Amino acid sequence: RDGNCLLCHALPETGATFMGNLAPPLSGVGARLDAGQLRLRLVDSMRINADTIMPSYFRVDGLSQVAQSFRGKPILGAQQIEDTVAYLLTLR
C-alpha cells in the first residue's frame, strides 16, 4: 500500500528499469520546489490541480474512490511523508 513514485514518475538516478511516464520526471525536483511545496503535493495534490491523477497520500476526507477496507486510512503516514520530502529535496 506504500506509495511507489516510479509507477508514474521517472527517476533516472535510481537505476530502476521500469519507470512511469504519466507524470513529470522527479530529477531536479528538489531544486524546483521547497519542502512545503513538496509536502503539499504529497499530502493532497488536488489542492494544486483538481484534475491530477496523483493520489492524496495523506488526506483521507472527501475521497470517493477508495475501497472500503482503506477508507479513513492514509496511504503514507506522517513520518513517511516527511521522509519522502527529505529524499525529494536531495534531487537537485
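This section reports on the structure supplied with the text. (Residues numbered from 1 in each chain as written. Predicted model: local features only at pLDDT ≥ 70, side-chain atom pairs only at ≥ 80, totals over all residues. Heavy atoms only, no water.)

1. Some thoughts on the environment of Ser 64
And then number 1: Its location among the elements puts Ser 64 in the loop between α2 (35-44) and α3 (78-89).
And then number 2: Taking the C-alpha atoms as reference, Ser 64 lies 15 Å from Thr 52; in sequence the two are 12 residues apart. (Helix = DSSP H or I, 4+ residues; strand = E, 2+ residues; numbered from the N terminus.)

2. Details of the layout of surface pockets
And then number 1: Each pocket or cavity is described by its volume, and for the largest pocket that value is around 660 Å³.
And then number 2: If you go around the largest pocket, you meet 29 residues; those closest to its centre are His 9, Ala 23, Arg 41, Thr 52 and Met 54.
And then number 3: Here the lining of the largest pocket takes three residues from α2, the largest share from any one element.
And then number 4: Of the residues contributing to the lining of the largest pocket, the split by class is 19 nonpolar, six polar and four charged. (1 Å grid on protein atoms, 1.4 Å probe; cavity = no way out; pocket = protein on both sides within 12 Å on 5 of 7 lines; lining within 4 Å. Points joined across faces, edges and corners; volume = space filled by probe spheres on them. Nonpolar A, V, L, I, M, F, W, Y, C, P; charged D, E, K, R; others polar.)

3. Overview of the pattern of salt bridges
And then number 1: Throughout the structure, instances matching the rule amount to three salt bridges.
And then number 2: Close ionic contact of Glu 82 with Arg 39 constitutes a salt bridge, the shortest N to O distance being 2.7 Å. Of this pair, Glu 82 sits in helix α3 while Arg 39 is found in helix α2, placing the two residues 43 residues apart along the sequence.
And then number 3: Look at Glu 82 and you get partly exposed, because its relative accessible area is 33%.
And then number 4: According to the relative accessible area criterion, Arg 39 is partly exposed, its value standing at 28%.
And then number 5: Among the salt bridges present, the one from Arg 59 reaches Asp 44, with a minimum N-O distance of 3.1 Å. On the criterion of sequence distance, the pair formed by Arg 59 in the loop between α2 and α3 and Asp 44 in helix α2 is long-range, its members being 15 residues apart.
And then number 6: Under the relative-accessibility criterion, Arg 59 is labelled partly exposed at 22%.
And then number 7: When salt bridges that share partners are traced, they join Asp 44, Arg 47 and Arg 59 into one network. (Salt bridge = Lys/Arg side-chain N within 4 Å of Asp/Glu carboxyl O. Buried < 20%, exposed > 50% of the residue type's maximum accessible area, 1.4 Å probe, protein only.)

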